[in-house]
Amino acid sequence: MQADPNSQIHALDAYSREFIHGSQYPAVAARDLGRLAALARAIMDDLDDWGDRLATMNCVRAYARARAALLVMESVFDEVLTPPACRVLAAEIDLLASPSPPRSAISEPGAG
């Protein structure tokens, strides 16, 4: 899941543009990009919390945040979101899961 941050940013930009340009309502889609970014941050915050809780237990085999993020994407959001929205969310999560995520993972549509 993790790659070079520049390629992750380019992927997010491409998926964001696709999401907006494929929408009947680009202004609504642009607003939803911000909501998808907030959802990605909330998911990663929850995964961090899970990791903290699991770290206190002796019964845990292993916990990898990036793997947990992928499983959450596959088990929940692949069924809930449209494919373009799911690609944006996955790209956001991938960027946030990288070792040194940028201050703001979401970029402005059309930038770059």
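The model shown is predicted, which means the values in this text are computed figures rather than measured ones.

A.B. asks: Help me understand the packing of helix 2 (residues 26–54) against helix 3 (residues 65–80) in this model?
C.D. replies: For any two helices packed against each other, one specifies the crossing angle of their axes together with the interaxial distance. As a packed pair, helix 2 and helix 3 sit with axes 10 Å apart at the nearest point and diverge in direction by 125°. In terms of orientation, helix 2 and helix 3 fall into the oblique class. Handedness of the helix 2/helix 3 crossing: right-handed. Residues Leu39, Ile43, Met44, Leu47, Asp48 and Trp50 of helix 2 touch helix 3, and the partners they reach there are Arg65, Ala68, Ala69, Val72 and Phe77. When the residues that make up the contact of helix 2 with helix 3 are grouped by side-chain class, the tally is 9 nonpolar, no polar and 2 charged.

A.B. asks: Even after reading the chapter, I still don't get the packing of helix 1 (residues 5–21) against helix 2, so can you show me in this structure?
C.D. replies: Where helix 1 contacts helix 2, the two axes come as close as 8 Å, and the packing angle between them is 145°. The crossing of helix 1 and helix 2 is right-handed. Where helix 1 abuts helix 2, its residues Ser16, Phe19 and Ile20 lie against Pro26, Ala29, Ala30, Asp32, Leu33 and Leu36. Split into classes, the residues belonging to the contact of helix 1 with helix 2 amount to 7 nonpolar, 1 polar and 1 charged.

A.B. asks: Please explain the pattern of salt bridges as it appears in this structure.
C.D. replies: Where side chains of opposite charge bring their charged atoms close, a pairing between them can arise. Under the counting rule described, the total for this entry stands at 5 salt bridges. Of the charged contacts, one joins Glu18 and Arg87 as a salt bridge, the two residues approaching to 2.6 Å between their closest N and O atoms. Placement of Glu18 in helix 1 and of Arg87 in helix 4 (residues 83–97) is noted, with a sequence separation of 69 residues between them. Among the residues examined, Glu18 registers a relative accessible area of 35% and is labelled partly exposed.

A.B. asks: What am I meant to see in helix 1 here?
C.D. replies: Since there are 3.6 residues in each turn of an α-helix, residues three or four apart along the chain are aligned in direction. Over its 17 residues, helix 1 runs 24 Å from end to end, which matches the ideal 24 Å to within 8%, given 1.5 Å per residue. Listing the buried residues of helix 1 in full gives Gln8, Leu12, Asp13, Ser16, Phe19 and Ile20. An end-on view of helix 1 places all buried positions within 135° of arc, on one side of the element. More than 90 degrees from the buried face of helix 1, the exposed residues found are His10 and His21. Buried residues belonging to helix 1 abut helix 2 and helix 4.

A.B. asks: Looking at this structure, how should I read helix 3?
C.D. replies: For helix 3, which comprises 16 residues, the first-to-last C-alpha distance of 21 Å matches the rise-based estimate of 22 Å (1.5 Å per residue) to within 8%. In helix 3, a bend of some 40° at Glu74 exceeds every other bend along the element. For helix 3, the set of buried residues is Ala66, Ala68, Ala69, Val72, Met73 and Phe77. Where the residues of helix 3 are buried, they touch helix 2 and helix 4.

Rules of the game
- Residues numbered from 1 in each chain as written.
- Predicted model: local features only at pLDDT ≥ 70, side-chain atom pairs only at ≥ 80, totals over all residues.
- Heavy atoms only, no water.
- Axes fitted to C-alpha atoms, helices over the stretch in contact; angles between N-to-C directions.
- Helix = DSSP H or I, 4+ residues; strand = E, 2+ residues; numbered from the N terminus.
- Parallel < 35°, antiparallel > 145°, perpendicular 65-115°, else oblique.
- Left-handed = near helix turned anticlockwise from the far one by under 90°.
- Contact = heavy atoms within 4.5 Å.
- Nonpolar A, V, L, I, M, F, W, Y, C, P; charged D, E, K, R; others polar.
- Salt bridge = Lys/Arg side-chain N within 4 Å of Asp/Glu carboxyl O.
- Buried < 20%, exposed > 50% of the residue type's maximum accessible area, 1.4 Å probe, protein only.
- Expected span 1.5 Å × (residues − 1).
- Arc of directions from axis to C-beta.
- Bend = angle between axes of the 7 residues up to and from the residue.

None of the figures reported here should be taken as evidence of function without further support.
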